[in-house]
Structures are given as C-alpha cells and as structure tokens.
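Summary of the model geometry
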Amino acid sequence: MTNQTKTPLPKNPATPPATTPWWTFTLAGLAYGLLTALAFPPVDLWPLAFVSILPLIWASCRPMRRPFVAAIFVWLGAIPVWVYEQSWLINVTAAGYPLLCLYLAAYAGVFVWLVGKIRLWRARAGRAPIPMSLLAPLLWVGLEVFKGEVALTGYAWFLVGHPLIAAPVLVFPATLLGQYFISFLVAALAGAAGDLAGWSNVSRRVGPIAAAAIAIIWAATAWLGAIPAPPTGGPALRIAVVQTNVPQSNKIAWTDAQQSRDWLEFEALTRRAAQAVPPRAVIVWPETMFPGVWLNIEADKVERPWPKGPTETVLFVDRLRALQSEVGAPMIVGAPAMDGLRIAKSPSGDHREWDARYNSVFLVDSAGIHPERYDKIDLTPFGEVIPYVWRWKGLQDLVMDLGAGGMRFDLASGTREMVFQVPLDPASPAATVGIVTPICFEATRSTLCRRLVYDRARRRASVMMNLSNDGWFAHSRAGRGAHLLAARWRCVELGVPMVRAVNTGISASIDSRGQLRRAGPENAARDSEVAGILTDDVPLPRTDLTTLYGRVGNGFGWTVLAAAALFPILIALTSRRGLGVPGRANSVP
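**Description of the overall build of the protein chain**
- Summing up its helical and strand segments, the protein chain has 17 helices and 17 strands in all.
- Among the 589 residues that make up the protein chain, the fraction classed as buried is 56%.
- In the protein chain, of all internal contacts separated by at least 6 residues, the share reaching a separation of at least 24 is 74%.
- For the protein chain, the accessible area works out to roughly 24400 Å², and carbon and sulfur atoms hold 62% of it.

So, in structure tokens, the structure goes:
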C-alpha cells in the first residue's frame, strides 16, 4: 500500500481563529463617527479626515463568516454621529429625523458588508486578497457618489474629502476631476494604511508602495489643477450682503405684523450696506427674504389695493422699488414668484390663484424689477419636495400629515440656467459681470452648479451668489458649517468665487480656490444667528480661466460608481467556489 502525503490546504483568511466579539464592530462604527464629527465643523480638525474611515477598514478586514452580521453592528455604532450631525432636523420633521439618521449610518455598514463579502468570496476560492488601497477607495467613493447624486435625489454632504478644503494645495486636483476624486485619494491612503498594518492579508510592502504612488498622483494632479491665485489689482465686484436673522419658526408662519417689523429691519440693514460701499456695489439679500407673496413683474397687473392685509397686496413690491431707488445699487433678492398669477372673484371673497409657484431670485435696479428671474431648479428633498412621492398627490399629502413640520410642498422646479448681467460700474454699463444664483441646497450640487456656470465647455459666469435660508439649522453650528463647507467645493471645481447671503448665517465671501475671504457680519460677536452686513471686493477670475471639471463634468464620480457596482459582481463570478459550486475545494464551512 502506497503512503500518500496529504497536501495541506492554504490558510484561509476568512476562517476566524476565534470569534470576533460583536462589540468590537460596534466600537469600529463609533470610532468612525467620532473621527468624522471631529474632522467636520464646528471642531474642524481636518487632518482626521485621513483616518476617519480606518475603523471601517479594520472591521471589514476582520476574518468573518457572516459579513452581514458585522455590518449590522457597525451600522449601530455609526448611528450616534448622525444623531448629532442631523439634530437640527428635530424641529423640522420629528418623524423624518430618526429615519435619516438610520439611513446615513447604513452606508458605513454597507461598506463593511461589501468589503467583507468580497474578501470571503476570494478566500473561499483560494484566491489572493485584494489590497485595501484599491478596494477601499473604489467601494467607499462608489457609495459616496450613490448617496450624493442618486439616492433620494442626492445628499452630497459629509464626504470624506470635504474637510481638506482647509488645505488649498490638497484640493487642487478637484479642478480636474471634482470632489469625489479627493475622497478617492483620501480613502486610498486609508486603505494603504490598512495594508501596511497587515489587516488585508497582503504583503505589508504593498502599503508604503501604494501610499507613495497615491502621493505622486496627488502631487501631479495638484500641479496640473492648480488654480491661479485670485487676481490683485484686476477687476473686482464690490458686494454688500444683508444677513437677516429670521428664525425658521417665524418663516414658516410669517404673520403680517412680523413681516412688517422684519421689513423695517431689512430696510435699515440695506441702507447700512449702501453706506458702506460705493454705488457700484451689488446688494444681496438671502433666500425668500422678500416678505410679500410674489415679486415677479405680473404683480403690476394686480388691482391696488387688495384689502387683505399687507402680504396680500403689492405694498412690499412698491417699497422694494423705493428702497432700491434710494440706495442706488442693484439688488439681488430672494423672493417667491408665480406664473399665471390672478385674483379670482367668488361669493366667499377674493382669493389668489396661480398656475405655478417658484422659489426665485430677482434682479432689481434702476430699470425696476427685471422680468428675467432664476427659478430654483433642484428643489431640496424633504424641504421643498418629497422625492418620488410628489408624483402622487394623495401619497404626498399623507407623508406631509405624518411629519412635514408645517412645510408646504407646492413649489415647481425651474427650467432655465439664468445668468444675470450686472454692470461693474454704473459709469460703464457695457462692462458687466455674469452672476449665477444657486439657491440654498443647490450650492452643494456640483452638477447643477456646473450647468449654471458653464455652457458646455464655455464659462459664462464669473461669480456664484448662493442665496440661502439656514434658519432650518436652528442653533446647530454643525449644520451651518457643513453647508458652508460643501459650498466651498464648487469654487474649486469651477474656478469662480462665491458670495453667500444667508438668513441666520453663515454669510461669506469665498475666493476661486475655495478659501474664505470673509465670514459672518462685520463687527459682530459671532457669524450666525445675528443680523448684519458683510462687504467685500470679490476678485474676478480671468475671462480665459476654465477648469477641466467645468468643461467635462463629473465623469470621474460616475465612473467610480459604475465600477463599484460591477466589481462585486465580477468578483463573485470569478470566485465561483464562493458561490457553492460543487467540486470546489477550500470552502469555508
């Protein structure tokens, strides 16, 4: 009888030497949340962004037979950070607040599940593990793109690369490939650290080699994408921002008496702004701060007076015209607009009717209220529109009854990328500057802002003016800071400055590199929850300056999303032993 020597099976990294305690996965989720919270406003320890997803990489690399169970515990651990970051939602929608927290925390769990599943398939098939310096950025950024651009119409906040806006040189690659490319580089470095630590079961030499390659790519793309310093001594747009301080509770139920009192304060602030700047300045009001029910030119056709109180007449329209004539500067104002506005007669009394209502921006100057206006295109999900549900009015009404917090979902979406042409100097009306006005949440939408600033590959605007109502954030500095942080990335991607006029703050002037020039009202003790004015001479970019991202858009992000969706399928198909195919050896029991 011949003795046969049995060849031992290769070590299977998916077979745990001992059960990994469930609480370690929960701690990993908690650690991820803590590092994320510290990297973002108001703490702003931005270098922590480089290690914020390391706990998730560690958890996903633990030997496990059931990645889904590990993902559940990571998800539970990640919930507290979103309970903190989204706490402002309590007063907006008590029903929606916990649901959003659970939803956002789920991305950490899904990442751990996907990585763990791919590693398990590879191990069962006896194939070499994939370096985390490749797997982590692919799957993490794929999830970021899905969250930011697809799911629920998109929520591109709290991306892992966002805090790096504090380091201008590090964000220059975004002028080429956008904010998701920065997230990819950050996640790749975290993955390289996991390789170096031996978590991924690849050779530890892979870690430093990958880190060096990432650093070279980062430096090369930063050099290629470097934005010229904002010009000095060149043309500049003088702006004066009026920061109002109307609590959102007042804004939802703005009584006639409160609107009249607030209007007097708006007038006083506007006069202060006009005194602080020369006549060539542009005065900017925040989103929907005009107290009347409409501002579009059709208001002239409405019979005067219409005795239903000041908000039901054109009183504020007339007063705005008089105010602009007094200060002499062109004004950009956030106000409601209505198509087909009319007064209907009925036995019960006169009432307003319209065909469509918009959240809009108007230009008011010596010629009056311009008929061309910008209507908000991308309505805020759950703030102005309920994604998907809006197509069925009965279902939308039901959702509103459950937890809309007094909000109205009756806005229509705009269809035109309006560019306002404003004279740089009244003495030279032919010399104008193109201004686009993304409203509130739209400043976080990279694709929309590109459509506003660029006409295909041609830049048609030199300044973005973001009119916003951040009264929604109540007393949350984290919410206000995250909104400002996300908006600054549009300046880097598109190579143009931004002026933010924000109810309750934080109003700001941001240069074309995404760096803050001014923030908050002048001579104020704080930058938010206070009324005041902010002035600045905004340096305008060269007329020939464009960015690659501005010309081609978010191709990198969509490519990563497609790759992240297809990669697990490819791994499953090429690791058939992990799918229980008969006759395959080295499977995990």
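The rest of the description comes next.
**Comments concerning the pattern of salt bridges**
- Applying the stated rule across the entire model yields 16 salt bridges.
- Between Glu 326 and Arg 271 there is a salt bridge, and its shortest N-O distance comes to 2.7 Å. Of this pair, Glu 326 sits in helix 12 (residues 315-327) while Arg 271 sits in helix 11 (residues 256-276), and the two are 55 residues apart along the sequence.
- Taking the relative accessible area as the measure of exposure, Arg 271 reaches 30% and is therefore partly exposed.
- Ionic pairing is found between Asp 378 and Arg 445, a salt bridge with its closest N-O pair at 2.9 Å. You can see Asp 378 sitting in the loop between strand 8 (374-375) and helix 13 (393-403) and its partner Arg 445 sitting in the loop between strand 10 (428-436) and helix 14 (446-453), a full 67 residues away along the chain.
- Residue class for Arg 445 comes out buried when judged on its relative accessible area of 6%.
- Residues joined in a network through salt bridges with shared partners are Asp 339, Arg 373 and Asp 375.

**Remarks on helix 14**
- Burial within helix 14 is extensive, with 6 of its 8 residues counted as buried.
- When helix 14 is considered as a whole, its buried residues turn out to be Ser 446, Leu 448, Cys 449, Arg 450, Leu 452 and Val 453.

**Digging into the pairing of strand 13 (residues 463-469)**
- Most of strand 13 sits inside the fold, with 7 of its 7 residues counted as buried.
- Neither face of strand 13 is exposed, since Val 463, Met 465, Leu 467 and Asn 469 on one face and Met 464, Asn 466 and Ser 468 on the opposite face are all buried.
- One ladder, built from 6 bridges, connects strand 13 with strand 14 (residues 498-503); its direction is parallel. Across the sheet, Met 464 pairs through a bridge with Met 498, a residue of strand 14.
- Crossover strand 13 to strand 14 through helix 15 (residues 477-494) is right-handed.

**Considering the packing of helix 4 (residues 96-124) against helix 5 (residues 132-150)**
- Where helix 4 meets helix 5, the closest approach of the two axes is 10 Å, and the angle between their N-to-C directions is 145°. As helix 4 runs across helix 5, the sense of the crossing is right-handed. Between helix 4 and helix 5, the residues in contact are Tyr 103, Leu 104, Tyr 107, Ala 108, Val 110, Phe 111, Leu 114, Val 115 and Ile 118 and Met 132, Leu 135, Ala 136, Leu 139, Trp 140, Leu 143, Phe 146 and Lys 147, respectively.
- Partitioned by chemical class, the residues of the contact of helix 4 with helix 5 number 16 nonpolar, no polar and 1 charged.

**What to know about the pairing of strand 6 (residues 356-365)**
- In terms of burial, strand 6 is a largely internal element, 10 of the 10 residues being buried.
- The alternating pattern of strand 6 places Ala 356, Tyr 358, Ser 360, Phe 362 and Val 364 on one face and Arg 357, Asn 359, Val 361, Leu 363 and Asp 365 on the opposite face, and all of these are buried.
- Bridging between strand 3 (residues 331-339) and strand 6 involves 9 bridges; their strand directions are antiparallel. What sits directly across from Met 338, in strand 6, is Arg 357.
- Pairing of strand 6 with strand 8, which is carried by 2 bridges, proceeds in the antiparallel orientation. In the sheet register, Val 361 faces strand 8, and the bridge partner there is Tyr 374.

Reading the values: rules and limits
Residues numbered from 1 in each chain as written. Predicted model: local features only at pLDDT ≥ 70, side-chain atom pairs only at ≥ 80, totals over all residues. Heavy atoms only, no water. Helix = DSSP H or I, 4+ residues; strand = E, 2+ residues; numbered from the N terminus. Buried < 20%, exposed > 50% of the residue type's maximum accessible area, 1.4 Å probe, protein only. Contact = heavy atoms within 4.5 Å. Areas by Shrake-Rupley, 256 points an atom, 1.4 Å probe, with all protein chains shown as cover. Salt bridge = Lys/Arg side-chain N within 4 Å of Asp/Glu carboxyl O. Pairing = 2+ DSSP bridges. Right-handed = clockwise from strand over helix to strand, strands pointing away. Axes fitted to C-alpha atoms, helices over the stretch in contact; angles between N-to-C directions. Left-handed = near helix turned anticlockwise from the far one by under 90°. Nonpolar A, V, L, I, M, F, W, Y, C, P; charged D, E, K, R; others polar.

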